[in-house]
Amino acid sequence: MLALAGATGCCAPAGPPTLPEGYLWYYNGDFNYTIAHPEMWLVSETEPGLVSISANMTGPMLDLGVDEVPEDIDAETYVQGLKLRAEAVGATIEGERSIVVNGLKGHELVLTLSGGGMSTKQRAAIFVVDGTGYFVVCSAMGSQYDMYTSTFDTIIHTFYLTDEPLD
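Computed from a predicted model, the values in this text were never measured in an experiment.

Caption draft 1: Structural detail: the overall build of the chain. Check the secondary structure of the chain and you find 2 helices and 10 strands. What you see in the chain, going N to C, is helices and strands ordered as β-β-β-β-β-α-β-β-β-β-α-β. Against the 2.2 N^0.38 benchmark of 15 Å for 167 residues, the chain shows a C-alpha radius of gyration of 15 Å, consistent with a compact globule. Reported as C-alpha extents along the three principal axes, the dimensions of the chain are approximately 40 × 35 × 25 Å. Across the 167 residues of the chain, 44% fall into the buried class. For the chain, long-range pairs separated by at least 24 residues make up 51% of all intrachain contacts whose partners lie at least 6 apart in sequence.

Laid out in structure tokens, this is it:
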């Protein structure tokens, strides 16, 4: 059974995270979240609710997204649906666990996508808060993924819901 948050997604309140050395804050005022990324990575806001932050065209990347979660769907069911969609496009789910990040209960999936002779490994943190699903997806080529696990951990653990940019 998945231990995900209910409608509010919150547990014990937490203060804002500290900016790690060598990182910059990205703030999204439309969806009221902030997250840190390595300072040399470039931000690309591709469409409303979807942001990509990457080192370069072939290096590691961070994708951030939001999704409306219907009122009649709880967080567990929502994550199960995401897993089914990922598997339907050929992803292999390699691991999953419950997480708590800055006071938010969530769920983390590690999955691999293969095709065209290439493999990409992803680590996705999913939070459901007040009818909104937040996605923090870190990915790298399969052969490079292990080099970035510490970076991905730092990024995910700076995700924070706020209606003000952090300094």
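Caption draft 2: Geometry of the nonpolar core. Ile-35, Leu-62, Leu-64, Phe-127, Val-136, Ile-155 and Phe-159 are the most contacted members of the largest nonpolar core, which totals 29 residues. Tallying contributions element by element places strand β9 (residues 132-141) first for this core, with 4 residues. With 14 residues, the next largest nonpolar core counts Val-69, Ala-86, Leu-109 and Val-128 among its residues.

Caption draft 3: The arrangement of the sheet that holds strand β1 (residues 23-28) in detail. In space, the 3 strands of this open sheet follow the order β1-β2-β10, with antiparallel pairing throughout. Single-partner strands in this sheet number two, and they are β1 and β10 (160-161). Bridging between strand β2 (residues 33-38) and β10 involves 2 bridges; their strand directions are antiparallel. Among the inter-strand pairings, Tyr-33 is bridged to a residue of β10, identified as Leu-161. In the packing of helix α2 (residues 149-156) onto the sheet, contacts are made with β1 and β2, and the angle to β2 comes to roughly 155°.

Caption draft 4: Representation of helix α1 (residues 75-88). The terminal C-alpha atoms of α1 lie 20 Å apart, and with 14 residues this matches the ideal 20 Å at 1.5 Å per residue to within 8%. Turning to α1, its buried residues number three or more, namely Ala-75, Tyr-78, Val-79, Leu-82, Lys-83 and Ala-86. Projected onto a plane normal to the axis of α1, the buried residues spread over an arc of 140° and lie on a single side. Exposed and facing more than 90 degrees away from the buried side of α1 are Leu-84, Arg-85 and Ala-88. Contact partners of the buried residues in α1: β5 (61-68), β6 (92-101), β7 (104-115), β8 (118-129) and β9. Two residues or fewer after α1 comes Gly-90, characterised by a positive phi angle close to 95°.

Caption draft 5: Representation of the pairing of β9 in the model. The buried fraction of β9 amounts to 8 of the 10 residues, a majority that puts the element mostly inside the structure. Bridging between β5 and β9 involves 8 bridges; their strand directions are antiparallel. Following the sheet pairing, Asp-63 is matched in β9 by Val-137.

Caption draft 6: Structural detail: the side chain of His-37. Within the secondary structure, His-37 sits in strand β2. Dropping the residues within four chain positions of it, His-37 is found in contact with Gly-22, Tyr-23, Leu-24, Trp-25, Tyr-26, Val-43, Ile-53 and Ile-155.

Procedures and definitions
Residues numbered from 1 in each chain as written. Predicted model: local features only at pLDDT ≥ 70, side-chain atom pairs only at ≥ 80, totals over all residues. Heavy atoms only, no water. Helix = DSSP H or I, 4+ residues; strand = E, 2+ residues; numbered from the N terminus. Rg over C-alpha atoms; globule rule 2.2 N^0.38 Å. Buried < 20%, exposed > 50% of the residue type's maximum accessible area, 1.4 Å probe, protein only. Contact = heavy atoms within 4.5 Å. Core = buried A, V, L, I, M, F, W, Y, C linked by side-chain atoms within 4.5 Å. Pairing = 2+ DSSP bridges. Axes fitted to C-alpha atoms, helices over the stretch in contact; angles between N-to-C directions. Expected span 1.5 Å × (residues − 1). Arc of directions from axis to C-beta.

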